[in-house]
Amino acid sequence: MTAYAIAHLQEAAPHPEIAEYIERIAGTFEPYGGRFLVHATQHEVREGSWPGHVVVIGFPGIAEARAWWDSPAYQEIAPLRSRHIDGDIILVEGVPVDYDPASTARAMREALAAQ
């Protein structure tokens, strides 16, 4: 099942290390089947607040996403970003193609009824 690395990164002043990180990151996730789905694009806030930037990298599965994050190649360049940009980063599994949200609602209703 597809998995994603999602980053919500705060605004940061340009820095040579950030440029180097951006130049090198794609090479770190290619061995794990990763690819940018969202990067360096504008977003529209429709509810709440979301300052900063969004990055989404897709992977074939959660094992590949974890292997990328833990890889020596990524860990080597991660400080180039983290020294200059604060943010939150998560790895998350997607849902199957045939996912039905009604089944989640049913499970929720059953749990509520059992209380």
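Above this text sits the structure in question.
Quantities reported herein were computed from a predicted structural model and do not represent experimental measurements. (Residues numbered from 1 in each chain as written. Predicted model: local features only at pLDDT ≥ 70, side-chain atom pairs only at ≥ 80, totals over all residues. Heavy atoms only, no water.)

### Section: helix H1 (residues 16-29)
Our working rule: For a residue, the bend is simply the angle between two axes, fitted respectively to the seven-residue segment ending there and the seven-residue segment starting there. Per the convention used, a helix needs a DSSP run of H or I reaching at least four residues, while a strand needs a run of E reaching at least two, with both numbered from the N terminus. Three exposure classes are used, based on accessible area relative to the maximum for each residue type with a 1.4 Å probe and protein chains only: buried under 20%, partly exposed in between, and exposed over 50%. Contacts were defined at the residue level, with two residues in contact if any of their heavy atoms lie within 4.5 Å.
The sharpest bend along H1 reaches about 30 degrees and sits at glutamate 23. Buried within H1 we find Ile18, Tyr21, Ile25, Thr28 and Phe29. Buried positions along H1 lie against strand E2 (35-38), strand E3 (53-59), helix H2 (62-70) and helix H3 (72-82).

### A word on the packing of aromatic side chains
This is how the line gets drawn: Working definition: a ring pair exists when centres of Phe, Tyr or Trp rings (six-membered ring for Trp) sit within 6.5 Å. Plane angles under 30 degrees give stacked, over 60 give edge-to-face, the rest tilted.
Tallying each qualifying case throughout the model produces eight aromatic pairs. Centre to centre, the rings of phenylalanine 59 and tryptophan 68 are 5.4 Å apart; their planes meet at 35 degrees, and the pair counts as tilted. The same class applies to phenylalanine 59 as to tryptophan 68, namely buried. Aromatic pair tryptophan 68 and tryptophan 69: ring centres 5.8 Å apart, planes at 70 degrees, arrangement edge-to-face. Given the relative accessible area of 2%, tryptophan 68 is considered buried. In this structure an aromatic cluster arises from ring pairing among Tyr21, Phe29, Phe36, Phe59, Trp68, Trp69 and Tyr74.

### Quick look at the side chain of threonine 28
Here is the rule: Two N or O atoms count as a polar contact when they lie within 3.5 Å, although within protein this holds only if one can serve as hydrogen donor and the other as acceptor, and sequence-adjacent residues are included solely when both atoms are side-chain atoms.
Secondary-structure assignment places threonine 28 in helix H1. For threonine 28, a relative accessible area of 5% puts it in the buried group. Separated by 2.6 Å, the side chain of threonine 28 and the backbone oxygen of isoleucine 25 make a polar contact. Looking at threonine 28, its side chain comes within polar contact range of the side chain of tryptophan 68, at 2.9 Å. Once residues within four sequence positions are removed from consideration, threonine 28 is found in contact with Trp68, Ala73, Tyr74 and Ile77.

### Here we look at the environment of isoleucine 6
Mapped onto the fold, isoleucine 6 is located in strand E1 (residues 3-9). Residue classification places isoleucine 6 among the partly exposed positions, given a relative accessible area of 27%. For isoleucine 6 and valine 54, which are 48 residues apart along the polypeptide, the C-alpha to C-alpha distance reads 7.3 Å. Apart from residues no more than four positions distant in its own chain, isoleucine 6 is found in contact with Val55, Val56, Asp88, Ile89, Ile90 and Val92.

### Notes on the packing of H2 against H3
Worth spelling out the cut-off: Every angle, taken between N-to-C directions, lies between 0 and 180 degrees, and every axis is a line fitted to C-alpha atoms, over only the stretch in contact when it is a helix. Each residue gets one label: Ala, Val, Leu, Ile, Met, Phe, Trp, Tyr, Cys and Pro are nonpolar, Asp, Glu, Lys and Arg are charged, and the others, such as Gly, are polar.
In contact at an axis separation of 5 Å, H2 and H3 are set at 65 degrees when each is read in the N-to-C sense. On the side of H2, the interface is formed by Trp68, Trp69 and Asp70, while H3 contributes Pro72, Tyr74, Gln75 and Arg81. Here the residues of the contact of H2 with H3 are counted per class, giving four nonpolar, one polar and two charged.

### Structural notes on the pattern of salt bridges
Worth spelling out the cut-off: Throughout this description, the term salt bridge denotes a Lys or Arg side-chain nitrogen within 4 Å of a carboxyl oxygen of Asp or Glu.
Applying the stated criterion to the full structure yields four salt bridges. Here glutamate 20 makes a salt bridge to arginine 24, at a shortest N to O gap of 2.8 Å. On the criterion of helical spacing, the pair formed by glutamate 20 and arginine 24 is a turn pair, its members being four residues apart in helix H1. Its salt-bridge partner being glutamate 44, residue arginine 46 comes within 2.5 Å of it at the nearest N-O pair. Each member of the pair arginine 46 and glutamate 44 is classed as exposed. Taken together, the shared-partner salt bridges connect Glu20, Arg24 and Glu76 into one network.

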